[in-house]
Amino acid sequence: MSLEAFQLSGKNALVTGSHRGLGAAIAVAFAKAGANVGCHGRDPKPGPACDEIRSAGRKTFYFAADLANPKACSGLIEKTVSEFGSIDILVNNAGIIRRAPAAEYPAEFWDELIAVNLTAVFHLSQLAARHMLEKGTGGKILNIASVLSFQGGVLVPAYAAAKGGVAQLTKALANEWAAKGINVNAIAPGYMATDITTALRDDAARSRQILERIPAGRWGEPSDLAGAAVFLCSSASDYVHGHVLVVDGGWLGR
Ligand code: NAP
């Protein structure tokens, strides 16, 4: 196998939540690997990833949509197909966290988090897979899970439930679509330095406890996901189905 198997040349991708954070890093990595990449977020204005994708010589667009609204999913997939002509790669990355003790956990936190972190992942995967199945050339769906797909976490019951669900959904969809040439896999990041972990990193005691447990000795950076994401969306991973690849500096092995 040549290194070309790790390229994404000629592929059309959509990365949800690529306005900033891990999604932005994945979107830029895809463009550098040769793909056109549609970017998305809630913010009405595009983030820096779009400019970086254009600088890499690839096509892009920005689509603002709140994934807490189930109707937003179809608009996002249709926009990708109308801009690029097809959708070959979908990365379900957009996500939120809401922290509160379980006994007081507000119902609104639960409903919003499950809608964005789990329900939208299913709807977007279903809509993208319909296009991939119709075109008949397969595709790649990559879900961003978490180490909390395996662990319960503290003060984050909805997040742990949703991310556990994302890992299971990854396997369920892979079982149905593997024979049709669609790879469904997930990455489970560990503790990464993005806005979603600001509260943890601002809490000196919690931040120190976390850091002491990471064998790599540092928080992850968004760019740490690039290699795994490109691999799982390239033909180099054509026989990888239903896998949850942990990228956590060794956290879960400890
Ligand atoms: P982040 O920096 O907070 O970025 C989240 C992204 O998701 C933003 O682009 C945001 O758009 C978008 N988003 C959030 N809610 C949305 C909604 N309702 N509708 C549409 N877009 C929405 O977080 P991150 O760390 O990059 O997280 C990305 C993914 O990785 C999430 O699924 C998260 O659970 C997962 N993850 C993160 C870590 C970590 O340590 N950072 C660890 C494990 C898993 P706007 O910018 O427009 O708000």
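Below is a summary of the structure that appears in this document.

1. Quick notes on a nonpolar patch on the surface
- Residues Met1, Leu3 and Phe6 make up a contiguous nonpolar surface patch of about 390 Å² in total accessible area.
- Looking at the element boundaries, Phe6 is found in the segment before β1 (12-15).
- What makes Phe6 partly exposed here is its relative accessible area of 31%.

2. Regarding the pattern of salt bridges
- One pass over the structure, following the stated rule, counts eight salt bridges.
- Across the pair Glu112 and Arg98 runs a salt bridge whose closest N-O atoms are separated by 3.2 Å. In this pair, Glu112 is assigned in helix α4 (residues 107-135) and Arg98 in the loop between β4 (89-92) and α4, connecting sequence segments 14 residues apart.
- The partly exposed category is assigned to Glu112, whose relative accessible area is 27%.

3. Some points on the packing of aromatic side chains
- In this structure the tally under the stated criterion is five aromatic pairs.
- Residues Phe61 and Phe84 carry aromatic rings whose centres are separated by 5.3 Å and whose planes lie at 55° to one another, so their mutual orientation is tilted. Here Phe61 is found in strand β3 (residues 60-64), whereas its partner Phe84 is found in helix α3 (residues 72-84), with 23 residues between them in sequence. Each member of the pair, Phe61 together with Phe84, is buried.
- Through pairs of rings, three or more aromatic residues link up here, namely Tyr191, Trp219 and Trp251.

4. Some remarks on the site of the ligand
- Residues in close proximity to the ligand total 31 residues, the closest being His19, Arg20, Asn93, Tyr159 and Thr194.
- Arg20 has a polar side-chain atom sitting 2.5 Å from an oxygen atom of the ligand.
- Ala65 is positioned with one of its backbone polar atoms (N or O) 3.5 Å from a nitrogen atom of the ligand.
- Out of a free accessible area of 890 Å², the ligand has 96% covered by protein chains.
- Of all the secondary structure elements, the ones that give two or more residues to the shell around the ligand are α1 (21-32), β2 (36-41) and α5 (157-177).
- Residue classes in the shell around the ligand are distributed as 14 nonpolar, eleven polar and six charged.

5. Notes on the environment of Ala188
- Take Ala188: it is sitting in strand β6 (residues 182-189).
- Setting aside anything within four residues of it in sequence, one finds Ala188 in contact with Ala145, Ser146, Val147, Phe150, Val244, Leu245, Val246 and Val247.

6. Considerations on the side chain of Ser149
- Within the secondary structure layout, Ser149 lies in the loop between β5 (139-144) and α5.
- In this structure Ser149 comes out as buried when scored by relative accessible area, which is 15%.
- There is a polar contact of 2.8 Å between the side chain of Ser149 and the backbone oxygen of Lys163.
- Ignoring any residue separated from it by four or fewer positions in sequence, one finds Ser149 in contact with Lys163, Gly164 and Ala167.

7. A closer look at α3
- Over its 13 residues, α3 extends 19 Å from the first C-alpha to the last, a length consistent with the 18 Å expected when each residue adds 1.5 Å.
- Within α3 the residues assigned to the buried category are Ala72, Cys73, Leu76, Ile77, Thr80, Val81 and Phe84.
- Next to the buried residues of α3 lie β1, β2, β3, β4 and α4.
- Just beyond α3, the residue with positive phi is Gly85, at close to 95°.

8. A few points about the environment of Leu14
- Tracing the backbone shows Leu14 in strand β1.
- Between the C-alpha atoms of Leu14 and Tyr62, which are 48 residues apart in sequence, the distance is 9.9 Å.
- Ignoring sequence-local partners within four residues, the contact set of Leu14 consists of Gly38, Phe61, Leu76, Ile77, Thr80, Ile87, Ile89, Leu90 and Val91.

9. Quick look at the packing of α4 against α5
- Two elements in contact, α4 and α5, have axes whose closest approach is 8 Å; the angle formed by their N-to-C orientations is 15°. The angle between α4 and α5 falls in the class roughly parallel. In this structure, the crossing between α4 and α5 has a hand that is right-handed. The segment α4 lies against α5, with Trp110, Leu113, Ile114, Asn117, Leu118, Val121, Phe122, Ser125, Gln126, Ala129 and Leu133 engaging Pro157, Ala158, Tyr159, Ala161, Ala162, Lys163, Gly165, Val166, Leu169, Leu173 and Trp177.
- Across the contact of α4 with α5, the residue classes tally to 17 nonpolar, four polar and one charged.

Cut-offs and rules
Residues numbered from 1 in each chain as written. Predicted model: local features only at pLDDT ≥ 70, side-chain atom pairs only at ≥ 80, totals over all residues. Heavy atoms only, no water. Patch = residues over 30% accessible without salt bridge, like charges linked within 9 Å, V, L, I, M, F, W, Y side chains within 5 Å. Areas by Shrake-Rupley, 256 points an atom, 1.4 Å probe, with all protein chains shown as cover. Salt bridge = Lys/Arg side-chain N within 4 Å of Asp/Glu carboxyl O. Helix = DSSP H or I, 4+ residues; strand = E, 2+ residues; numbered from the N terminus. Buried < 20%, exposed > 50% of the residue type's maximum accessible area, 1.4 Å probe, protein only. Phe/Tyr/Trp six-rings, centres within 6.5 Å; stacked < 30°, edge-to-face > 60°. Near = heavy atom within 4 Å. Polar contact = N/O pair within 3.5 Å; in protein donor to acceptor, adjacent residues only side chain to side chain. Nonpolar A, V, L, I, M, F, W, Y, C, P; charged D, E, K, R; others polar. Contact = heavy atoms within 4.5 Å. Expected span 1.5 Å × (residues − 1). Axes fitted to C-alpha atoms, helices over the stretch in contact; angles between N-to-C directions. Parallel < 35°, antiparallel > 145°, perpendicular 65-115°, else oblique. Left-handed = near helix turned anticlockwise from the far one by under 90°.

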